[in-house]
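# Commentary on secondary and tertiary structure
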Amino acid sequence: MNEEVRLTAWVRGRVQRVGFRWFTRARAMEIGGLCGFALNLEDGRVQVVAEGQRQACQQLLDWLHDGDTPGRVDGVTEIWDTPRGGYDGFAIR
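For every chain, the first residue of its written sequence is number 1, and the numbers climb from 1 along that sequence. Given that this is a predicted model, residues contribute local features only at a pLDDT of at least 70 and side-chain atom pairs are listed and counted only at 80 or more, while totals for whole chains, interfaces and linings are drawn from all residues. In computing side-chain properties, one takes all heavy atoms of the structure into account and sets aside hydrogens as well as water.

Under the convention used in this document: UniProt positions are given in the numbering used here, feature names are shortened, and annotations may be inferred rather than shown by experiment.
You'll find the protein entered in an unreviewed UniProt entry as acylphosphatase, with Streptomyces kunmingensis given as the organism. Check the Sequence similarities (unreviewed entry) section of the UniProt entry for the protein; it says "Belongs to the acylphosphatase family." Entered under Catalytic activity (unreviewed entry) in the UniProt record, the comment concerning the protein runs "an acyl phosphate + H2O = a carboxylate + phosphate + H(+)".

This is the structure in structure tokens:
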């Protein structure tokens with residue numbers, strides 16, 4: 001299924017101050033067709049929101065879980081939802 005979806009993922013581990021958001025944006029752009037953002041949270045996690053085709057969002061989620069990410073990912077929690085729109089590309093916040 002290639003329906004439009006919204007993926008929200010919270011990545012925990014050593015994911016701040018290691019370029020994680022930049023690499024996440026680069027990966028989202030490499031996959032293509034994704035809009036959203038990567039944001040550092042006060043508790044040390046990074047929140048990633050991506051909207052686009054389910055297959056593209058799944059590729060990004062797979063990379064967050066098992067990809068060659070900077071730092072160290074200890075776990076990822078995700079939820080799937082309907083897209084809300086309003087994003088212009090994929091941003092680092």
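### What about the nonpolar core?
We count it as follows: Residues grouped as a nonpolar core are buried Ala, Val, Leu, Ile, Met, Phe, Trp, Tyr and Cys residues, joined through side-chain atoms within 4.5 Å. Buried residues are those whose accessible area, probed at 1.4 Å on protein chains only, stays under 20% of the maximum for their type, while exposed residues exceed 50% and partly exposed ones sit between those limits. To qualify as a helix, a DSSP run of H or I must reach at least 4 residues; to qualify as a strand, a run of E must reach at least 2; elements of each kind are numbered from the N terminus. In what follows, a contact means two residues having at least one pair of non-hydrogen atoms within 4.5 Å.
Membership of the largest hydrophobic core comes to 21 residues, with the highest contact counts inside it found for Val11, Leu34, Val48, Leu60 and Leu64. Among the elements of the structure, strand S1 (4–14), helix H1 (20–31), strand S3 (46–53) and helix H2 (54–66) are those that each provide at least two residues to this core. Here the element with the most residues in this core is H2; it accounts for six residues. Apart from residues lying up to four places away in sequence, Leu60 is in contact with Thr24, Arg27, Ala28, Ile31, Leu34, Val48 and Ala50.

### Observations regarding the UniProt feature "domain: Acylphosphatase-like" (unreviewed entry) in the protein
Here, the residues flagged by UniProt with the feature "domain: Acylphosphatase-like" (unreviewed entry) are residues 6–93. Along residues 6–93 the backbone is 28% helical and 41% strand, and the end-to-end C-alpha distance reaches 18 Å.

### Section: the UniProt feature "active site" (unreviewed entry) in the protein
With numbering aligned to this structure, UniProt lists the feature "active site" (unreviewed entry) at Arg21 and Asn40. Despite a sequence span of 20 residues, these residues sit close together in the fold, their greatest C-alpha distance being 7.8 Å. Turning to its location among the elements, Arg21 is positioned in helix H1. When near neighbours in sequence (up to four residues on either side) are disregarded, Arg21 contacts Ala38, Leu39, Asn40, Val46, Ile92 and Arg93.

### Looking at the packing of H1 against H2
To keep it simple, the criterion reads: All axes are obtained by fitting lines to C-alpha atoms, using only the stretch in contact for helices, and the reported angles, taken between N-to-C directions, cover 0 to 180 degrees. Throughout, a crossing is termed right-handed when the near helix is turned clockwise from the far one, and left-handed when it is turned anticlockwise from it by less than a right angle. Polar here means any residue other than Ala, Val, Leu, Ile, Met, Phe, Trp, Tyr, Cys and Pro, which are nonpolar, and Asp, Glu, Lys and Arg, which are charged; Gly is therefore polar.
It is the contact of H1 with H2, at a shortest axis distance of 10 Å, that shows an interaxial angle of 145°. Classified by chirality, the crossing of H2 by H1 is right-handed. Contacts between H1 and H2 involve Phe20, Phe23, Thr24, Arg27, Ala28 and Ile31 on the former and, on the latter, Ala56, Gln59, Leu60, Trp63 and Leu64. Here the contact of H1 with H2 is composed, by residue class, of eight nonpolar, two polar and one charged.

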